[in-house]
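Fold and geometry: a report
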Amino acid sequence: MPIIPLNQWIPKLKKPLIVAGPCSAETEEQVLQTAKKLAEIEDVRIFRAGIWKPRTRPNSFEGLGEEALPWLAKVKKETGLLTTCEVANTKHVELALKYGIDILWIGARTTVSPFAVQEIADALKGTGIPVMIKNPINADFALWMGAVERFLNVGIEKIVAIHRGFSSAAPGEYRNPPMWHIPLSLKQRFPDLPMICDPSHITGKRENVPRVCQKAMDLDMDGLIVETHPTPEKAWSDAAQQITPETLASMLKNMEYRTAYSSDRKFEAQLGELRSKIDRLDTEIIETLQLRNKVAEEIAKAKIENNVTAFQLKRMDKVLKDRKAQAEKLGLRPEYIEELYNTVHAESVKIQTSIMVDNKILSKKEKP
Ligand code: PEP
Ligand code: MN
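Structural notes, computed from the coordinates. As the structure is a computational prediction, the values presented were derived from the model and not from experiment.

**Some remarks on the pairing of strand E6 (residues 159–163)**
- Within E6, five of the five residues are buried, which leaves it mostly tucked inside the rest of the structure.
- In E6, alternate side chains face the same way, and those of Ile 159, Ala 161 and His 163 on one face and Val 160 and Ile 162 on the other are all buried.
- Both strand E5 (residues 131–134) and E6 contribute to a ladder of four bridges, which runs parallel. Each residue of the ladder has a partner; that of Lys 134, found in E6, is Ile 162.
- On the question of chirality, the crossover connecting E5 to the parallel E6 by way of helix H6 (residues 141–153) is right-handed.
- Looking at chain direction, E6 and strand E7 (residues 195–197) are connected through three bridges and run parallel. Note that in E7 the partner of Ala 161 across the bridge is Met 195.

Shown next as structure tokens:
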């Protein structure tokens, strides 16, 4: 089932696609006021507003539900913006379709549940309505991919993935750390799938929104979904991360938009040279890894002679500690080298254990 490119169903789209609007629809006035200001920003094409809010704790504002849907219909009529809201069950789907919402989105707490996603997909079969799918709250690439497949399977071809970061128990800079390699892997798996970034839920802090937007653009993402409120600090949900339509406008103006390719000959030649350098270095790295594996084979043989295990915790700790220290001296991130050497060392242990197992089988066979 092919994914239909964004510019075939969003009229007059200039890259990037900008979706904006409040975390939640609160009052008719707030919705209309926000939408009218957003409609003045040329790049904003879709108006978002939460109608049903999946809140972590009960007794917080859980959205107004059906009452707020006519306001979105009004936004569409008065501003021409397309509208979108989150749906988490078939009742939501039924109501959103009844009020003519243009695009539905699947929230991060729904993508984690294959049952819920399948139910929504079944309810949308034959509607052809576009669906935006947020990544699951946990860093599970397969769940995100599975949700995309479930909608493709029922014939939904207008699909957008939303990267909103992944929850983490560790306190840190982000509300939901972005783990950029996960959306990039999804893009690799579905090259035609448009990917937009939700800097609001990634950062959780309005002052960090522009930085994450720029990073998403530098990674060649297809757009942004940004929570926008006329008086963010007074918002009924996610007050710390929303920005005003005015801030959004100036942020979009100040952003650097790059393209994935350039036709400038001089640049292409320079890039070609630099890439040859990288290719040569990669060849050296791979040849060195080959030599390293050969040494691991010799170690295995020596260990067999002396009845020593393939895995030795103290040795692994020392390898990691020494490599990290050396990396730091050379200005490399120690975490990067740690991750790399976990893999390199695991390969060495794998080589040793398989030689040990083969040796055991052989020595058994040799016995009559
Ligand atoms: C939202 O977009 O308001 C929302 C609830 O997002 P998420 O599903 O990413 O938490
Ligand atoms: Mn929100």
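Further notes follow.
**Overview of the layout of surface pockets**
- Roughly 360 Å³ of internal volume is contained in the largest pocket.
- If you list the elements that add at least two residues to the lining of the largest pocket, you get helix H11 (265–306), helix H12 (313–329) and helix H13 (334–366).
- For the lining of the largest pocket, the element with the most residues is H13, which contributes five residues.
- Residues that form the lining of the largest pocket fall into these classes: ten nonpolar, two polar and two charged.

**Focus: the side chain of Thr 111**
- Along the chain, Thr 111 turns up in helix H4 (residues 108–111).
- A residue is classified by how much of its surface remains accessible, and Thr 111, at 1% relative accessible area, is buried.
- Separated by 2.8 Å, the side chain of Thr 111 and the backbone oxygen of Lys 134 make a polar contact.
- With residues up to four places along the chain from it excluded, the contact list for Thr 111 reads Ile 106, Val 117, Ile 133, Lys 134, Asn 135, Pro 136, Leu 143, Trp 144 and Ala 147.

**Here we look at the pairing of strand E1 (residues 17–21)**
- Where burial is concerned, most of E1 is hidden: five out of the five residues are buried.
- Pairing analysis gives five bridges linking E1 to strand E8 (residues 223–227), with the strands arranged parallel. Looking at the pairing, Ala 20 lines up with Val 226 of E8.
- In this sheet, strand E2 (residues 44–48) lies alongside E1 in parallel orientation, the contact comprising three bridges. Bridging across to E2, Val 19 finds its partner in Ile 46.

**So, the packing of helix H3 (residues 90–98) against helix H5 (residues 114–124)**
- It is the contact of H3 with H5, at a shortest axis distance of 9 Å, that shows an interaxial angle of 30°. Crossing of H3 against H5: the hand is right-handed. Contacts from Thr 90, Val 93 and Leu 97 of H3 reach H5 at Glu 119, Ile 120, Ala 123 and Leu 124.
- Split by residue class, the contact of H3 with H5 holds five nonpolar, one polar and one charged.

**With respect to the site of ligand 1**
- Near ligand 1 there are 13 residues, and of these Arg 48, Lys 53, Arg 109, Lys 134 and Arg 164 occur at the shortest range.
- A distance of 2.8 Å separates an oxygen atom of ligand 1 from a polar side-chain atom of Arg 48.
- Lys 53 is positioned with one of its side-chain polar atoms (N or O) 2.7 Å from an oxygen atom of ligand 1.
- Across the shell around ligand 1, the residue classes tally to four nonpolar, two polar and seven charged.

**Comments concerning the packing of aromatic side chains**
- Overall, the coordinates contain two aromatic pairs when judged by the stated rule.
- The interplanar angle of 85° and the centroid separation of 5.1 Å between the aromatic rings of Phe 61 and Trp 236 together place this pair among those described as edge-to-face. You can see Phe 61 sitting in the loop between E2 and helix H2 (69–79) and its partner Trp 236 sitting in the loop between E8 and helix H10 (245–254), a full 175 residues away along the chain.
- An angle of 75° between the planes, with centres 6.5 Å apart, marks the rings of Trp 144 and Phe 166 as edge-to-face. Linking Trp 144 in helix H6 with Phe 166 in the loop between E6 and helix H7 (181–189), this pair joins segments that are 22 residues apart in sequence.
- On the basis of relative accessibility, which here comes to 0%, the residue Phe 166 falls in the buried class.
- The ring centre of Phe 190 lies 4.7 Å from the NZ or CZ of Arg 189, which sits over that ring.
- Note that Arg 323 overlies the ring of Tyr 341, its terminal NZ or CZ placed 5.7 Å from the centroid.

**Digging into the nonpolar core**
- By size, the foremost hydrophobic cluster in this structure holds 67 residues, and its most contacted members are Phe 47, Leu 124, Ile 133, Phe 151, Leu 224 and Leu 248.
- At six residues, H6 tops the list of elements feeding residues into this core.
- Excluding residues within four positions of it along the chain, Phe 151 makes contact with Ile 106, Val 117, Ile 120, Ala 121, Leu 124, Val 131, Ile 133, Ile 156 and Ile 159.
- One finds Leu 17, Ile 46, Ile 103 and Val 160 within the second-largest nonpolar core, a separate group that totals 14 residues.

**Focus on the pattern of salt bridges**
- Summed over the entire model, instances satisfying the criterion amount to 18 salt bridges.
- For Lys 37, the salt bridge identified is with Glu 246, shortest N-O distance 3.3 Å. On the criterion of sequence distance, the pair formed by Lys 37 in helix H1 (residues 28–39) and Glu 246 in helix H10 is long-range, its members being 209 residues apart.
- With a relative accessible area of 28%, Lys 37 lands in the partly exposed category.
- Residue Glu 246 is classed as partly exposed on the basis of its relative accessible area, which comes to 44%.

The rules we used
Residues numbered from 1 in each chain as written. Chains lettered and ligands numbered in written order. Predicted model: local features only at pLDDT ≥ 70, side-chain atom pairs only at ≥ 80, totals over all residues. Heavy atoms only, no water. Buried < 20%, exposed > 50% of the residue type's maximum accessible area, 1.4 Å probe, protein only. Helix = DSSP H or I, 4+ residues; strand = E, 2+ residues; numbered from the N terminus. Pairing = 2+ DSSP bridges. Right-handed = clockwise from strand over helix to strand, strands pointing away. 1 Å grid on protein atoms, 1.4 Å probe; cavity = no way out; pocket = protein on both sides within 12 Å on 5 of 7 lines; lining within 4 Å. Points joined across faces, edges and corners; volume = space filled by probe spheres on them. Nonpolar A, V, L, I, M, F, W, Y, C, P; charged D, E, K, R; others polar. Polar contact = N/O pair within 3.5 Å; in protein donor to acceptor, adjacent residues only side chain to side chain. Contact = heavy atoms within 4.5 Å. Axes fitted to C-alpha atoms, helices over the stretch in contact; angles between N-to-C directions. Left-handed = near helix turned anticlockwise from the far one by under 90°. Near = heavy atom within 4 Å. Phe/Tyr/Trp six-rings, centres within 6.5 Å; stacked < 30°, edge-to-face > 60°. Lys NZ or Arg CZ within 6 Å of the ring centre and 35° of its normal. Core = buried A, V, L, I, M, F, W, Y, C linked by side-chain atoms within 4.5 Å. Salt bridge = Lys/Arg side-chain N within 4 Å of Asp/Glu carboxyl O.

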